[in-house]
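Fold and geometry: a report
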Amino acid sequence: MDDPLSEHGSPLCSSAAQLLPSQRGFTNSPASLASSRSTTPVKGKDPNLNETNPASSKSASLSPVSEILTPRAGPSYVPQIAKPSTSDVITLRSPLNSFTSSFASPFGVMPHAGLNGELAAPSSYVGIHLSAGPGGYGRSPLVAFESHPHLRGSPLSASLPAVSGSKPAYSFHVSADGQMQPVPFPPDALIGSGIPRHARQLHTLSHGEVVCAVTISHSTQHVYTGGKGCVKVWDVGQPGTKTPVAQLDCLNRDNYIRSCKLLPDSRSLIVGGEASTLSIWDLAAPTPRIKAELTSSAPACYALAISPDAKVCFSCCSDGNIVVWDLQNQTMVRQFQGHTDGASCIDISNYGTKLWTGGLDNTVRCWDLREGRQLQQHNFSSQIFSLGYCPTGEWLAVGMESSNVEILHVTKSEKYQLHLHESCVLSLKFASCGKWFISTGKDNLLNAWRAPYGASIFQSKETSSVLSCDISANDKFIVTGSGDKKATVYELVY
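The notes below deal with the structure included here. (Residues numbered from 1 in each chain as written. Predicted model: local features only at pLDDT ≥ 70, side-chain atom pairs only at ≥ 80, totals over all residues. Heavy atoms only, no water.)

Looking only at helices and strands, the protein chain has two helices and 33 strands in total. Here the protein chain, with 494 residues, has 58% of them falling under the buried criterion. Residue pairs in contact within the protein chain that sit at least 24 positions apart in sequence constitute 56% of those at least 6 positions apart. As presented, the protein chain carries roughly 19100 Å² of accessible surface, and 49% of it is formed by carbon and sulfur atoms. (Helix = DSSP H or I, 4+ residues; strand = E, 2+ residues; numbered from the N terminus. Buried < 20%, exposed > 50% of the residue type's maximum accessible area, 1.4 Å probe, protein only. Contact = heavy atoms within 4.5 Å. Areas by Shrake-Rupley, 256 points an atom, 1.4 Å probe, with all protein chains shown as cover.)

Tallied over the full model, the rule gives two cavities of 30 Å³ or more. Estimated volume of the second largest cavity: approximately 40 Å³. Along its surface, the second largest cavity is lined by Ala 275, Ser 276, Thr 277, Leu 278, Ser 296, Ala 298, Ala 300, Cys 301, Ser 315 and Cys 317. Secondary structure elements with two or more residues in the lining of the second largest cavity: strand E13 (277–282) and strand E16 (312–317). Residues of the lining of the second largest cavity, tallied by class, amount to six nonpolar, four polar and no charged. (1 Å grid on protein atoms, 1.4 Å probe; cavity = no way out; pocket = protein on both sides within 12 Å on 5 of 7 lines; lining within 4 Å. Points joined across faces, edges and corners; volume = space filled by probe spheres on them. Nonpolar A, V, L, I, M, F, W, Y, C, P; charged D, E, K, R; others polar.)

Counting buried positions along strand E29 (residues 445–450) gives six out of six residues, so the element sits mostly inside the fold. The alternating pattern of E29 places Leu 445, Asn 447 and Trp 449 and Leu 446, Ala 448 and Arg 450 on opposite faces, both of which are buried. For strand E28 (residues 436–441) and E29, the ladder comprises five bridges, and the chain directions are antiparallel. Looking across to E29, one finds that Trp 436 is bridged to Arg 450. In this antiparallel pair of consecutive strands, E28 and E29, the connection spans three residues, and Asn 444 shows a positive phi of 75°. (Pairing = 2+ DSSP bridges.)

This next bit is on the environment of Arg 334. Relative to the helices and strands, Arg 334 is located in strand E18 (residues 331–336). The exposure class assigned to Arg 334 is partly exposed, which follows from its relative accessible area of 35%. Residues Arg 334 and Gly 372, spaced 38 residues apart in sequence, show a C-alpha to C-alpha distance of 8.2 Å. Once residues within four sequence positions are removed from consideration, Arg 334 is found in contact with Ile 322, Val 323, Val 324, Leu 369, Glu 371 and Gly 372.

Turning next to the nonpolar core. Judged by nonpolar contacts, the single largest core of 35 residues is most densely connected at Val 405, Ile 407, Trp 436, Phe 437, Ile 438 and Ile 478. Those residues in contact with Ile 438 that lie beyond four places of it in its chain are Ser 427, Leu 428, Lys 429, Leu 446, Asn 447, Ala 448, Trp 449, Cys 469, Asp 470, Ile 471 and Ile 478. One finds Ala 246, Leu 248, Leu 269 and Ile 290 within the second-largest nonpolar core, a separate group that totals 18 residues. (Core = buried A, V, L, I, M, F, W, Y, C linked by side-chain atoms within 4.5 Å.)

Spatially, four strands are ordered E11-E12-E13-E14 in an open sheet, and the strand pairing comes out antiparallel. Two strands close off the open sheet at either side, each with one partner strand: strand E11 (257–262) and strand E14 (289–295). Between one strand and the next, the sheet's axes are offset by a mean angle of 20°, whatever the strand orientation. Sheet topology places E13 next to E14; six bridges connect them, and they run antiparallel. Bridged to Trp 281 within E14 is Ile 290. (Axes fitted to C-alpha atoms, helices over the stretch in contact; angles between N-to-C directions.)

As for its position among the elements, Arg 253 is in the loop between strand E10 (246–249) and E11. Overall, the relative accessible area of 67% leaves Arg 253 in the exposed class. Taking the C-alpha atoms as reference, Arg 253 lies 7.2 Å from Cys 230; in sequence the two are 23 residues apart. With residues near it in sequence (within four places) discarded, Arg 253 still touches Lys 228 and Gly 229.

Here we come to the pattern of salt bridges. Evaluated as defined, the whole model comprises six salt bridges. Where Arg 365 meets Asp 361, a salt bridge forms, and the shortest distance between an N and an O atom there is 3.2 Å. Take Arg 365 and Asp 361: they sit in the same class, and that class is buried. With a shortest N-O distance of 2.8 Å, Glu 406 and Lys 415 are connected by a salt bridge. Note on Lys 415: relative accessible area 21%, which makes it partly exposed. (Salt bridge = Lys/Arg side-chain N within 4 Å of Asp/Glu carboxyl O.)

With that settled, consider the packing of aromatic side chains. Counting across every chain of the model gives eight aromatic pairs. Here the aromatic rings of Phe 437 and Trp 449 are separated by 6.3 Å at their centres, their planes lie at 20°, and the arrangement is stacked. Separated by 12 residues along the polypeptide, Phe 437 in strand E28 and Trp 449 in strand E29 bring together distant segments of the chain. Across this residue pair, the class does not change: Phe 437 and Trp 449 are buried. (Phe/Tyr/Trp six-rings, centres within 6.5 Å; stacked < 30°, edge-to-face > 60°.)

As structure tokens, this is what we get:
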């Protein structure tokens, strides 16, 4: 169905969420993500809180993910944006020699070699120069991309096992007994139906504030970018310079949007962030307007999910609770209690019967939506910032504060562990086909991975931390939101 939204002005109505007093002292911001990593430890929690986790027992202050993502200026605040290195060169390489240097046009994303730890010979690289966007930094006008991050010699990957006769590997299989072995990728890891060869940058959407949330409509005509106090709507169906076709004023103007989700028919948008209230927008109205608001006791919402039948919304709250909302009646129908720190990410699996959530308490949990109880709990040594459930298989990808990406089998004690990110993995999304997924991080990287074993399909290095991402329903486009106050639309090439 085509989007009902056409070129509208900004609606007059906006939600009146107030600035949380507990947030005023934060000194980290998305603008400084690339240069200041959170080291706030997670304090031990009483296991008995798992079943009794009332919102009233929670501190009003936001949890460490907010110290990484929440733009809040303190007395010592100095805005910082990651600057592209003068030594970075954009490179283009075919993973399996499937195309040649005739493709040396300004693609935004570079493919990888097919073997775990394989490095290409220097002669197989093609240098490409791209001009920097508006507001450049006075340095070399290059956007920093790398075709093989293993060249960086990460201290972590250097200490891990390597493929025989090769450089350090980045993908490892971890067995039930904890044995870690480099993954020998199959010959068809980067080829075949549904696997993109590479991608190219299609649009830059200059939002004007750090973009903490993005989503793309089912028709792929509109992109929604969430920043400070508003969601902006962009028509990306045609080429050319982009300006917003609508602005949806949400929350308080100084509070950031953390998540925005379209209902399947693209006629309604649900927005959550640094406020206790979720806004439901009617996009089919002549001018987009708020048609309902959902209020919980938690001071903030970190993530949202919509059930496949569009009847229920799930919100991950800063107090650790998962609130279940009836969208038809605009009422709270249930809370899942178990996380002992903020619930940071969420996805739905198994035809809407199970819910997966990740938290700042270092756990991933699975919930049975029919019975209203917790089914599984996976414990980690790192806070969980992002996750995604494979639409076609029994795998769950998890992005860590530690920089790891782990792909868990949901019924067996085995997993894959991926080591290409160099800092927090801030967002993650599976393609609809289930054959690949993307992750983004504080290290400015967008990585595309083959599921489930993690062969690197392509990688883009943007000019600042990449806080959010989405993949279109037809697997043809990727959208990312950046600390550089912009969103980027990529077109996938198969």
